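# Summary of the model geometry
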Amino acid sequence: MPSPSTYYRPSGKMPLTGVLLLLAVGAVVAAPLGVIYILAIRYIPFIYLNLLAIAAYGIGFAFVVAKLVELGRLRSPAAAGLLGCIAGLAATWLQWVFFAAFIVHDETISLVAACSHFLTHPAALGGFIQYVAGHGTWSFKDGDPVTGVFLILIWIAETLTIVVPAALFAYGQAGKPFSELLQRWAVPVRLPGRLPFFASPAEVRARLESGDLMPLVTNEPPAGHQYARLELYSAEGDPSCFYLSVENVSESLDKKGRKQTATAAIATHLHLPAELAKQLQELHSTAPAA
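This report concerns the structure included in the present document. Note that the structure is predicted; figures quoted are calculated from it, not measured. (Residues numbered from 1 in each chain as written. Predicted model: local features only at pLDDT ≥ 70, side-chain atom pairs only at ≥ 80, totals over all residues. Heavy atoms only, no water.)

Ranked by size, the top nonpolar core spans 40 residues in total, and within it Leu22, Tyr57, Phe61, Val65, Val69, Phe118 and Phe128 carry the most contacts. Residue assignment for this core shows that the elements contributing at least two residues are helix H1 (16–43), helix H2 (47–71), helix H3 (77–104), helix H4 (111–120), helix H5 (122–135) and helix H6 (148–174). Considering every element that reaches this core, the biggest residue donor is H3, with 12 residues. For Val65, the contacting residues outside a window of four places in its chain are Leu22, Gly84, Ala87, Ala166 and Ala170. (Core = buried A, V, L, I, M, F, W, Y, C linked by side-chain atoms within 4.5 Å. Buried < 20%, exposed > 50% of the residue type's maximum accessible area, 1.4 Å probe, protein only. Helix = DSSP H or I, 4+ residues; strand = E, 2+ residues; numbered from the N terminus. Contact = heavy atoms within 4.5 Å.)

Here we come to the packing of aromatic side chains. Here the structure, examined in full by the defined rule, presents nine aromatic pairs. Seen from their ring centres, Trp96 and Phe128 are 6.5 Å apart, and the 75° between their planes marks the pair as edge-to-face. With Trp96 in helix H3 and Phe128 in helix H5, this pair connects stretches of sequence that are 32 residues apart. For the pair formed by Trp96 and Phe128, the shared burial category is buried. Note on Phe99 and Phe128: the rings are 5.9 Å apart at their centroids and 70° apart in plane angle, and the pair reads as edge-to-face. Of this pair, Phe99 sits in helix H3 while Phe128 sits in helix H5, and the two are 29 residues apart along the sequence. You'll find Phe99 and Phe128 in the same group, each marked buried. Between the NZ or CZ atom of Arg194 and the centre of the ring of Tyr227, over which it lies, the distance is 3.9 Å. (Phe/Tyr/Trp six-rings, centres within 6.5 Å; stacked < 30°, edge-to-face > 60°. Lys NZ or Arg CZ within 6 Å of the ring centre and 35° of its normal.)

Written as structure tokens, this is what we have:
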């Protein structure tokens, strides 16, 4: 069993300014993204493109949330993930506000006025959602409008496509190495050198956790399209901030001849003494010959 100091452990600190930054800027960014998404699904009559639109919206918003976690220096993965979930739900709500306004606005009520109404009257938005669930606003080809349970399931899937990536991206960013001494994130660098593929990852992980780095100290070139690679996190000026990630990599070609890469983590954010980190940098500073 590795000791608590074997791997990087986030401090759990959540500066209030960072929390407010995520919630405020997340809402500001979610509004235009929601507008673009609603316009895309309303005017693109192809279901596959609509699916790509919601996926792009979810990933794009999640990327913004992760960046806000980084800028706000939020170091509690659980709390950051919860905030990402809240931001995703807020983005979904804003998306519904614009969708409702887009549907009901006409010559007598402007789009801006309709948005303002639904923003300030949650009950009205709830009534609109209930009405759409019973009557629908779109259909497959020339069939009847999609309504009822099936439509609600689509809405749930759509919400999860926004909320889950936002929570996961926020959780992942908050768990990355951070220098408490310098109050900034460690910088990751993928070392150019490649190691032979580790056939027994569990055994290698156990050796690394015990402080035995000999599996990484080799000049033996990898064979074929399987190898191991190293990524080192460090913060210049902090002598205790060195963390190593090790993963196996398998490369292959698909049916169209395009390269595919599959990775499997062996150790993630393993703490290293400064001297050992520098030795690994020197040993694996050169990329293998093509």
